[in-house]
Amino acid sequence: MSSCRYDFGITMGPAVQAADYLYRREHGKRHKGVDLHRLVVTVSCLLEGDAPARFDFAAQAEELDTSVERLRAQVAWLVEREFLALEGDVDGMARLWVNPSLAFAPGTDPRTAAARHHFPYIMTAEKGMAAEEPVVVYPYTTELWEQVYEAQREMFEDPPVFSRCEQHAR
């Protein structure tokens, strides 16, 4: 089983660490379960263009060395806080949309997923975990995502690929 494809890259957004910051703040630094940053990258690596990531809980739990129950709880936490959107879960196979402020597939328009699920724009505070509020969340509006797109047009139209997904052979 592989968590990523050889020929695929993802562009990480300003909220890539935000989920982990919030989770550690709520659950303590030594929480049990998967590192949220690793989980976000794993889900992001499953993106195929503007489509949702197909996420097999059992296979990913094995890959991430955790239980299906813990993995489900962490995915539910990410969905509740709008880092992800869940669109169906049948027999342990889920369709997950990634908030484009976390990550997006190169060559896609982040406004598409943002509009579909009314994702907020999330970013880490300038001081990160040292800030009083380490994560800044701007509620969804079409105008906000248009401003984000215009301000970062070059990155969205010709994105650097920050993370190359690699095959994890079993």
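To be clear, the structure that these remarks concern was listed above.
### Some remarks on the nonpolar core
Ranked by internal contacts, the top residues of the largest apolar core, which has 35 residues, are Leu39, Val43, Phe55, Trp77, Leu78 and Phe83. Among the elements of the structure, strand E1 (9-12), helix H1 (18-27), helix H2 (36-45), strand E2 (53-56), helix H3 (57-63), helix H4 (68-80) and strand E4 (93-98) are those that each provide at least two residues to this core. If you tally residues by element for this core, the top one is H2, at six residues. Not counting the four nearest positions on each side in its chain, tryptophan 77 is found in contact with Ala19, Leu22, Tyr23, Glu26, His27, Leu36 and Phe83. Grouped together as the second largest cluster of nonpolar side chains are nine residues, Ala114, Tyr121, Leu144 and Tyr149 included.

### Focus on H4
Owing to its 3.6 residues per turn, the α-helix brings residues three or four apart onto one side. Between its first and last C-alpha, H4 extends 18 Å over 13 residues, near the 18 Å set by a 1.5 Å rise per residue. For H4, every residue scored as buried is listed here: Leu71, Gln74, Val75, Trp77 and Leu78. Mapping the buried residues of H4 onto a view down its axis gives an arc of 155 degrees, with all of them on the same face. Facing away from the buried side of H4 by more than 90 degrees, the exposed set consists of Glu69 and Glu80. Residues of H4 that are buried sit in contact with H1, H2, E2, H3, strand E3 (84-90) and E4. Where H4 terminates, the next one or two residues include glutamate 82, which has phi positive at roughly 65 degrees.

About the cut-offs
Residues numbered from 1 in each chain as written. Predicted model: local features only at pLDDT ≥ 70, side-chain atom pairs only at ≥ 80, totals over all residues. Heavy atoms only, no water. Core = buried A, V, L, I, M, F, W, Y, C linked by side-chain atoms within 4.5 Å. Buried < 20%, exposed > 50% of the residue type's maximum accessible area, 1.4 Å probe, protein only. Helix = DSSP H or I, 4+ residues; strand = E, 2+ residues; numbered from the N terminus. Contact = heavy atoms within 4.5 Å. Expected span 1.5 Å × (residues − 1). Arc of directions from axis to C-beta.

Worth remembering: the numbers are spatial, not functional.
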